[in-house]
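# Summary of structural features
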Amino acid sequence: MQPMEEVYRRHARTVYRYLLTLTRDDDLAEELTQETFYQAIRSSDRFDGSCAVSTWLCAIAKNVLATYRRKHPAAEDVDEQILPTASAEEDAVSEVGRLELLKKLHALREPYREVLYLRAFGGLSFREIGEVQGKTENWARVTFYRGKELLRKEVDEDA
């Protein structure tokens, strides 16, 4: 594996964006990113190269977040927080429409919800989403498309 300083320089932003999509809290995402790299340093001898470094780091990040949530059950549920507008598509939606859209997005079942969050709010590419989920880039594209169609159907039903 590369020296940890290089790994950090190359992948810290990806890990941070991944955690930001899951927590929607800048400070918490930053804190958990640091903890992720701490855990990566502690377990670097277990990295076998069978996956991309970014995939390995995001898996660690997911575990770090799960540990944080177990230790802080009284903390506000991160899925209930409202995200700032993060894309041109969202800019086109009115504030009331945006809130309704976010409620409908939150109600989607997995994996659609997480893939839509990662793409729309995390800014991850389909390749990165596939790596994070342990799937292919094509799976990420198809899942995003199907999730978007489910979301569109929900919005159209209410219109």
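Please read all numbers here as calculations on a predicted model, not as lab measurements.

## A look at the overall build of the chain
- Each helix and strand counted, the chain has eight helices and zero strands in total.
- Its helices and strands taken in sequence order, the chain reads α-α-α-α-α-α-α-α from the N to the C terminus.
- A total of 159 residues make up the chain; the buried ones form 38% of that total.
- Nonlocal contacts in the chain, meaning residues at least 24 apart in sequence, comprise 60% of its contacts between residues at least 6 apart.
- About 9600 Å² of surface is accessible on the chain, with carbon and sulfur atoms providing 49% of the total.

## Description of helix 2 (residues 26-42)
- Between the first and last C-alpha of helix 2 there are 24 Å, a value that for 17 residues agrees with the 24 Å anticipated at 1.5 Å per step.
- Of the surrounding secondary structure, the elements contacted by the buried residues of helix 2 are helix 1 (4-23) and helix 3 (53-71).
- In this structure Asp 25 caps helix 2, since a side-chain oxygen of it lies 3.0 Å from the backbone nitrogen of Asp 27.

## Re a negative patch on the surface
- Together, Asp 26, Asp 27, Glu 30, Glu 31 and Glu 35 line one region of the surface with negative charge.
- Looking at where Asp 27 falls in the secondary structure, it is placed in helix 2.

Conventions we followed
- Just so you know, the residues in each chain are numbered from 1, in the order the chain's sequence is written.
- Local features in a predicted model are, by the rule used here, given only for residues with pLDDT of at least 70; side-chain atom pairs are given and counted only at 80 or more, and totals for whole chains, interfaces and linings are based on all residues.
- As a rule here, side-chain values come from all non-hydrogen atoms in the structure, and water together with hydrogens is ignored.
- Strands are runs of DSSP state E lasting at least 2 residues, helices are runs of H or I lasting at least 4, and numbering of each runs from the N terminus.
- To sort residues, take the accessible area from a 1.4 Å probe on protein chains only and compare it with the maximum for the residue type: under 20% means buried, over 50% means exposed, and anything in between is partly exposed.
- Contacts are assigned to residue pairs that have any heavy atoms within 4.5 Å of one another.
- Each accessible area value is a Shrake-Rupley result obtained with a 1.4 Å probe; residue values ignore everything except the protein chains displayed when judging cover.
- One less than the number of residues in a helix, times 1.5 Å, gives the span that helix is expected to have.
- Polar contact is defined as a pair of N or O atoms within 3.5 Å, subject to the rule that within protein one atom must be able to donate a hydrogen and the other to accept it, and that residues adjacent in sequence are counted only when both atoms are side-chain atoms.
- Patches in this entry comprise residues that are over 30% relatively accessible and not in a salt bridge; like charges within 9 Å are linked, as are nonpolar side chains (Val, Leu, Ile, Met, Phe, Trp, Tyr) within 5 Å.
- Only one rule defines a salt bridge in this text: a Lys or Arg side-chain nitrogen within 4 Å of an Asp or Glu carboxyl oxygen.
- A residue counts as positive if it is Lys or Arg and as negative if it is Asp or Glu; His and the chain ends are not included.
- Lysine's charge is taken at NZ, arginine's at CZ, aspartate's at CG and glutamate's at CD.

This is a description of form; function is not addressed.
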